[in-house]
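Residues per chain are reported as follows:
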Amino acid sequence: MSTSTTPPRPQAHPEPAEPATLAAIPSPGGTEPEVPRYAPQWLQLREPADAAARAHELLDPLRIRLANRSGRATDLVVHDLGCGTGSMGRWLAPLLDGAQHWILHDRDPYLLHFATVGAPKAAADGSRVTVTTQRGDIGRLTPDALAGASLVTASALLDVLTADELETFAAACVGAGCPALLTLSVVGRVELTPAHPMDQEIADAFNAHQRRGGLLGPDAVREACEVFGRLGATVRVHPSPWRLGAEQAELTAEWLRGWVGAAVDQRPELAQRAETYLQDRLADCAAGRVGVVVHHSDILVLPRPAGGAG
């Protein structure tokens, strides 16, 4: 789960035997990687905006694919990568028919706890929804790791991958014949009203920050379409913008702090002017005078089914 559009525990109910799940992928050399920590408060604050933004237009083609999958008499098995506090499952599971087993992946056990506690219990038709969690590095998925998966999902993930990680991820999905619903990837465009002379300068610095260390940032959607298309998958893209007004003032304020903070981190010479800009924007936000559209795109990837199955 990314902050790019910024800034674990109760006993599970006994479950029937489920299809084999993706084992946690160890870090190189068996060492435990440093776990990036995204504040649950931020993820919870943005969840309603995420749910409102995700592209419902991609759900019908996804439902058709899932209805025609091989083994459709068994539960849907959904791998949710970088699940954070589990917002994707809470949004999507109640929109799909049939019994579902969600495998929630994140490197942070703290977030996996929140995802488990808040997991949905029922599908659209009342069928049961169960969850398990897995820790591991999603950057090294393989087709074998996704064997038996019905669907891969992720939110705000593509933009924090490198080109090599995207290639590995795409090869795993396509190799397994597994569709993927990848939502809320930033595309590098932000609109603020009323306009301010520094808006574009901050936006450019933020976009450069998103590309640091070879991350795809705002190029992720274009790159993903090219990579999946080259591997023979059908790719559908639909806009999924955040639209933040006076009713989302708390989220807007937190997003502004993260957005400006990343810009200053990228270009420290902006610090003094950016602080004035931020305070002006926060004052407007508190007064209900600022509106923000943060542009994202959702992607539905439909690879050829493994083994030619429907």
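Residues numbered from 1 in each chain as written. Predicted model: local features only at pLDDT ≥ 70, side-chain atom pairs only at ≥ 80, totals over all residues. Heavy atoms only, no water.

A word on the overall build of the protein
To keep things clear, this is the line we draw: Helix and strand assignments come from DSSP, with helices taken as H or I runs of at least 4 residues and strands as E runs of at least 2, each series counted from the N terminus. Here the Shrake-Rupley method, with its probe set to 1.4 Å, supplies the accessible areas, and only the displayed protein chains count as covering residues.
Scanning the protein for helices and strands turns up 9 helices and 8 strands. Counting every atom, the protein has about 13,500 Å² of accessible surface; 53% of that belongs to carbon and sulfur.

Quick word on the nonpolar core
Considering soluble globular proteins, one finds that nonpolar side chains tend to be buried as a cluster. For clarity, the threshold we go by: Working definition of a nonpolar core: buried Ala, Val, Leu, Ile, Met, Phe, Trp, Tyr and Cys residues. They are joined through side-chain atoms within 4.5 Å. Under the scheme applied here, a residue whose accessible area is under 20% of the maximum for its type counts as buried, over 50% as exposed, and between as partly exposed, the area being computed with a 1.4 Å probe on protein chains only. Residue contacts follow a heavy-atom distance rule, with two residues in contact if any of their heavy atoms lie within 4.5 Å.
In this structure, Ile202, Trp242, Trp255 and Trp259 are the most contacted members of the largest nonpolar core, which totals 31 residues. Of all the secondary-structure elements, those providing two or more residues to this core are helix 1 (40–53), strand 5 (180–193), helix 6 (199–210), strand 7 (242–244), helix 8 (249–266), helix 9 (271–286) and strand 8 (291–302). The element that contributes the greatest number of residues to this core is helix 8, accounting for 8 residues. Those residues in contact with Ile202, other than ones at most four positions away along the chain, are Trp259, Val260, Ala263, Leu270, Ala274 and Tyr277. Counting 28 residues, the second largest nonpolar core, distinct from the first, contains Leu161, Ala172, Ala180 and Ala233.

Side note on the environment of Ala262
Here Ala262 lies in helix 8. A relative accessible area of 11% places Ala262 in the buried class. Sequence separation between Ala262 and Phe206 is 56 residues, and the spatial gap between their C-alpha atoms is 5.7 Å. The contacts of Ala262, once residues within four sequence positions are left out, are Phe206 and His209.

A closer look at the pattern of salt bridges
Definition in use: A pair is scored as a salt bridge if a Lys or Arg side-chain nitrogen falls within 4 Å of a carboxyl oxygen belonging to Asp or Glu.
Summed over the entire model, instances satisfying the criterion amount to 15 salt bridges. Between Arg128 and Asp75 there is a salt bridge, with the nearest N and O atoms lying 3.0 Å from each other. Of this pair, Arg128 sits in the loop between helix 4 (109–117) and strand 3 (129–134) while Asp75 sits in the loop between helix 2 (59–67) and strand 1 (76–81), and the two are 53 residues apart along the sequence. The shortest N-O distance in the salt bridge between Glu167 and Arg230 comes to 2.6 Å. Highlighted residues: Glu167 in helix 5 (residues 163–176) and Arg230 in helix 7 (residues 220–230), separated in sequence by 63 residues. Via salt bridges that share partners, Arg211, Asp219, Arg222, Glu223 and Glu226 belong to a single interconnected network.

What to know about unusual backbone geometry
Omega for the peptide link from Thr193 to Pro194 comes to -5°, which places this bond in the cis form. Take Pro194: it is sitting in the loop between strand 5 and helix 6. We note that Ala156 has phi near 50°; this positive angle belongs to a residue other than glycine. Structurally, Ala156 is set in the loop between strand 4 (151–155) and helix 5. Here the phi dihedral of Leu184 falls at roughly 60°; this positive angle occurs in a residue that is not glycine. Of note, Leu184 is situated in strand 5.

Some details on the side chain of Arg281
Along the chain, the position of Arg281 falls in helix 9. Ignoring any residue separated from it by four or fewer positions in sequence, one finds Arg281 in contact with Leu192, Thr193, Pro194, Ala195, His196, Asp199, Leu256 and Val290.

A short note on helix 5
Short version of the rule: Helix span is expected to be 1.5 Å times the residue number reduced by one.
In this model, helix 5 (14 residues) spans 20 Å end to end at C-alpha, consistent with the 20 Å of a helix rising 1.5 Å per residue. Every buried residue of helix 5 is listed here: Leu166, Phe169, Ala170, Ala172, Cys173, Val174 and Ala176. Buried residues along helix 5 sit against strand 1, strand 4, strand 5 and helix 7. Directly beyond the C-terminal end of helix 5, a positive phi value near 65° is found at Gly177.

Comments concerning the pairing of strand 1
Quick reminder of the rule: DSSP-based pairing: two strands are paired if at least 2 bridges between them are found. Orient the strands so they point away from the viewer, and a crossover whose first-strand-to-second-strand path over the helix runs clockwise is right-handed.
With 6 of its 6 residues buried, strand 1 lies for the most part within the structure. Burial along strand 1 is two-sided: the residues Leu76, Val78 and Asp80 and Val77, His79 and Leu81 are all buried. Bridge count between strand 1 and strand 2 (residues 100–105): 5 bridges; the pairing is parallel. Bridge assignment links Val77 to a residue of strand 2, and that residue is His101. Between the parallel elements strand 1 and strand 2, the chain passes through helix 3 (residues 87–92) in a crossover that is right-handed. One ladder, built from 4 bridges, connects strand 1 with strand 4; its direction is parallel. What sits directly across from His79, in strand 4, is Val152.

Some details on the side chain of Asn207
Along the chain, Asn207 turns up in helix 6. Setting aside residues up to four positions removed in sequence, Asn207 forms contacts with Gly188 and Pro218.

Here we look at the packing of helix 6 against helix 8
Definition in use: All axes here are fitted lines through C-alpha atoms, helices being fitted over the stretch that makes contact, and every angle between N-to-C directions spans 0 to 180 degrees. By the definition adopted for this analysis, an angle is roughly parallel if under 35 degrees, roughly antiparallel if over 145, roughly perpendicular if from 65 to 115, and oblique otherwise. Any residue outside Ala, Val, Leu, Ile, Met, Phe, Trp, Tyr, Cys, Pro, Asp, Glu, Lys and Arg is labelled polar, Gly included; the first ten of those are nonpolar and the last four are charged.
Orientation of helix 6 relative to helix 8, taken along the N-to-C sense of each, is 70°, at an axis distance of 8 Å. One element, helix 6, and the other, helix 8, form an angle in the roughly perpendicular class. Facing helix 6, whose interface residues are Asp199, Ile202, Ala203, Ala205, Phe206, Ala208 and His209, helix 8 presents Trp259, Val260, Ala262, Ala263, Asp265 and Gln266. The residue inventory of the contact of helix 6 with helix 8, partitioned by class, reads 9 nonpolar, 2 polar and 2 charged.

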